[in-house]
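# Survey of secondary and tertiary structure
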Amino acid sequence: MGESMTECVDDANKVKSKASKIDGKAVAQAVKERLKEEIQAQVQAHDNLSAGKRRPGLAVVLVGEDPASQTYVKNKISSCEEVGIVSFHHRLAADVSQLEVQNLVRRLNADEAVDGILVQLPLPAHIDTREVLSLIDPDKDVDGLSAVNQGRLAIGEPGLFPCTPLGVMELLRYEGVELKGKHAVVVGRSALVGKPVALMLLAKDATVTVCHSRTSDLPAVCRSADVLVAAVGRANMIKGSWIKPGAVVIDVGINRIEVNGKGKLVGDVDYNEAVEVASKVTPVPGGVGPMTVAMLLSNTFTSYKRR
Ligand code: NDP
């Protein structure tokens, strides 16, 4: 999808092409509509077979009162309603004990109505996050952050994989971007984004380079990319001169900056420069961001079908 190539006339009166914007909001909406239809069909099939009438279920655990986390959880729950997934919201006080959180996760693991468990991060400092996440049944781990699912991704076995990297791959698929034999450069090596997206690109036969804060001559490595994925967390770091003409650029970064005293969200890529060089670019906001929740819903439905 995406806007058609826009043409503009530059100062020298030459016709210059601008990159098309990859519209993550529209792709996320399309994913949700497809899911809604599939969920409806699946539930109806169950009704007909009397094999069980339940809908897919997602349990969301929120500890404390962090306003940003509350907003994310609200958004996830309303997205569940949109597609026909039942959500179970568990709110725990900020001073809850480690044992209480763990006991809740154990109960959710055993609950037949729950296909996916999402523990909203960050957890309060006194809670051992790793310990909690490692307790989630890997087959209900819809955030895909457990060691089991990261391992499955690494060795090419089916599993539940991290939502933002899945969102990146869905955008590339939707846009019809050929990956086989192409050079994909991923800037960032976190377990949340950089590493999993690199493994997913590799699984699609791209030749993948992963960069990080110690990479030598990062601009030159980026310039060799047919597909460039930025997941760094540094506002406007990747300049137009770092991008190969015609490359596809996916900007995962979300950075809050001040412009004229007002807060603004920008990515890791300097968008205004990138559109002059690339063939397709994701904006921030409205690019990868909306895809993350869509893929969380998709993971929940995948888990439901498998169970
Ligand atoms: P992390 O901080 O965990 O990882 C950042 C990575 O960038 C690290 O691997 C780090 O290298 C690398 N890095 C830092 N500085 C440089 C530099 N100057 N040059 C090259 N590499 C550098 O971040 P995340 O992966 O969690 O997130 C990355 C961005 O994506 C953030 O802006 C985050 O907000 C956003 N994000 C967006 C989501 C969405 O839904 N759109 C979801 C998740 C994240 P090193 O390993 O050497 O330290």
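Remember, predicted model here, so these are calculated numbers, not experimental data. (Residues numbered from 1 in each chain as written. Predicted model: local features only at pLDDT ≥ 70, side-chain atom pairs only at ≥ 80, totals over all residues. Heavy atoms only, no water.)

As a further point, take the pairing of strand β4 (residues 57-63). Across the 7 residues that make up β4, a large majority, 7, are buried. With 7 bridges joining them, β4 and strand β5 (residues 86-92) adopt parallel strand pairing. Looking at the pairing, leucine 58 lines up with serine 87 of β5. One crossover worth recording links β4 to the parallel β5 by way of helix α2 (residues 67-83), and it is right-handed. With 4 bridges connecting them, β4 and strand β6 (residues 116-119) associate as parallel partners. The residue of β6 that forms the bridge with alanine 59 is isoleucine 117. (Buried < 20%, exposed > 50% of the residue type's maximum accessible area, 1.4 Å probe, protein only. Helix = DSSP H or I, 4+ residues; strand = E, 2+ residues; numbered from the N terminus. Pairing = 2+ DSSP bridges. Right-handed = clockwise from strand over helix to strand, strands pointing away.)

On to the sheet that holds β5, then. An order of β5-β4-β6 is seen for the 3 strands of this open sheet, with the pairing classed as parallel. Two strands lie at the open edges of the sheet, namely β5 and β6, each paired on one side alone. Taken pair by pair, the neighbouring strands of this sheet meet at an average axis angle of 15 degrees, ignoring direction. (Axes fitted to C-alpha atoms, helices over the stretch in contact; angles between N-to-C directions.)

Among the 22 residues in the neighbourhood of the ligand, the closest are listed as Arg189, Ser190, Ser213, Arg234 and Thr292. Contact between the ligand and serine 190: an oxygen atom at 2.5 Å from a side-chain N or O atom of the residue. Within the contact set of the ligand, a nitrogen atom lies 3.0 Å away from a side-chain nitrogen or oxygen of arginine 234. For the ligand, the accessible surface in isolation is 930 Å², of which the surrounding protein chains cover 70%. (Near = heavy atom within 4 Å. Polar contact = N/O pair within 3.5 Å; in protein donor to acceptor, adjacent residues only side chain to side chain. Areas by Shrake-Rupley, 256 points an atom, 1.4 Å probe, with all protein chains shown as cover.)

Let us look at empty space enclosed by the protein. Taken as a whole, this structure holds 1 cavity of 30 Å³ or more when the rule is applied. Taken as a whole, the largest cavity spans an internal volume of roughly 40 Å³. Lining the largest cavity are Val119, Leu133, Ile136, Asp141, Asp143, Leu145 and Ser146. Partitioning the lining of the largest cavity into residue classes produces 4 nonpolar, 1 polar and 2 charged. (1 Å grid on protein atoms, 1.4 Å probe; cavity = no way out; pocket = protein on both sides within 12 Å on 5 of 7 lines; lining within 4 Å. Points joined across faces, edges and corners; volume = space filled by probe spheres on them. Nonpolar A, V, L, I, M, F, W, Y, C, P; charged D, E, K, R; others polar.)

Here we come to the domain arrangement of the protein chain. Split by domain assignment, the protein chain resolves into domain 1 (51-140) and domain 2 (162-289). A C-alpha centroid distance of 30 Å is found between domain 1 and domain 2. (Domains from an automatic or database assignment.)

This part covers the side chain of asparagine 149. Mapping asparagine 149 onto the fold places it in helix α5 (residues 147-155). Within polar-contact distance, the side chain of asparagine 149 engages the backbone oxygen of proline 138 at 2.9 Å. Setting aside anything within four residues of it in sequence, one finds asparagine 149 in contact with Pro138, Asp141, Gly144, Gly159, Leu160 and Phe161. (Contact = heavy atoms within 4.5 Å.)

It is worth spelling out the layout of surface pockets at this point. What the largest pocket holds in volume is close to 1200 Å³. Lining of the largest pocket is provided by 46 residues; of these, Tyr72, Thr164, Ile254, Gly289 and Thr292 occupy positions nearest its centre. Looking at the lining of the largest pocket, the elements with two or more residues in it are α1 (24-49), α2, β6, α6 (163-174) and α10 (289-306). No other element matches the 7 residues that α2 contributes to the lining of the largest pocket. Residue composition of the lining of the largest pocket, by class: 25 nonpolar, 13 polar and 8 charged. Each of domain 1 (51-140) and domain 2 (162-289) contributes no fewer than three residues to the lining of the largest pocket. As for the second largest pocket, its lining consists of 20 residues, of which Leu166, Met169, Arg173, Met200 and Lys204 are closest to the centre. Those elements giving two or more residues to the lining of the second largest pocket turn out to be α5, α6, α7 (194-203) and α10.

Attention shifts here to α5. What α5 keeps buried is the set Asn149, Gln150, Arg152 and Leu153. For α5, the buried positions fall inside an angular range of 155 degrees around the axis, keeping them on one side. Residues of α5 that are exposed and point more than 90 degrees away from the buried face comprise Ala147 and Ile155. Residue glycine 156 follows α5 closely and has a positive phi angle near 80 degrees. (Arc of directions from axis to C-beta.)

Summed over the entire model, instances satisfying the criterion amount to 12 salt bridges. Across the pair arginine 307 and aspartate 115 runs a salt bridge, and its minimum N-O distance is 2.8 Å. Here arginine 307 is found in the segment after α10, whereas its partner aspartate 115 is found in the loop between α3 (98-110) and β6, with 192 residues between them in sequence. Bridged by salt links that share partners, the residues Arg54, Glu112, Asp115 and Arg307 form one connected network. (Salt bridge = Lys/Arg side-chain N within 4 Å of Asp/Glu carboxyl O.)

The omega torsion across leucine 121 and proline 122 is 0 degrees, close enough to zero to call that bond cis. Put simply, valine 284 and proline 285 share a cis peptide bond, and its omega is 0 degrees. A positive phi angle is found at asparagine 236, which is not glycine, with a value near 55 degrees. Residues other than glycine seldom take positive phi values, yet asparagine 260 does so here, at roughly 50 degrees.

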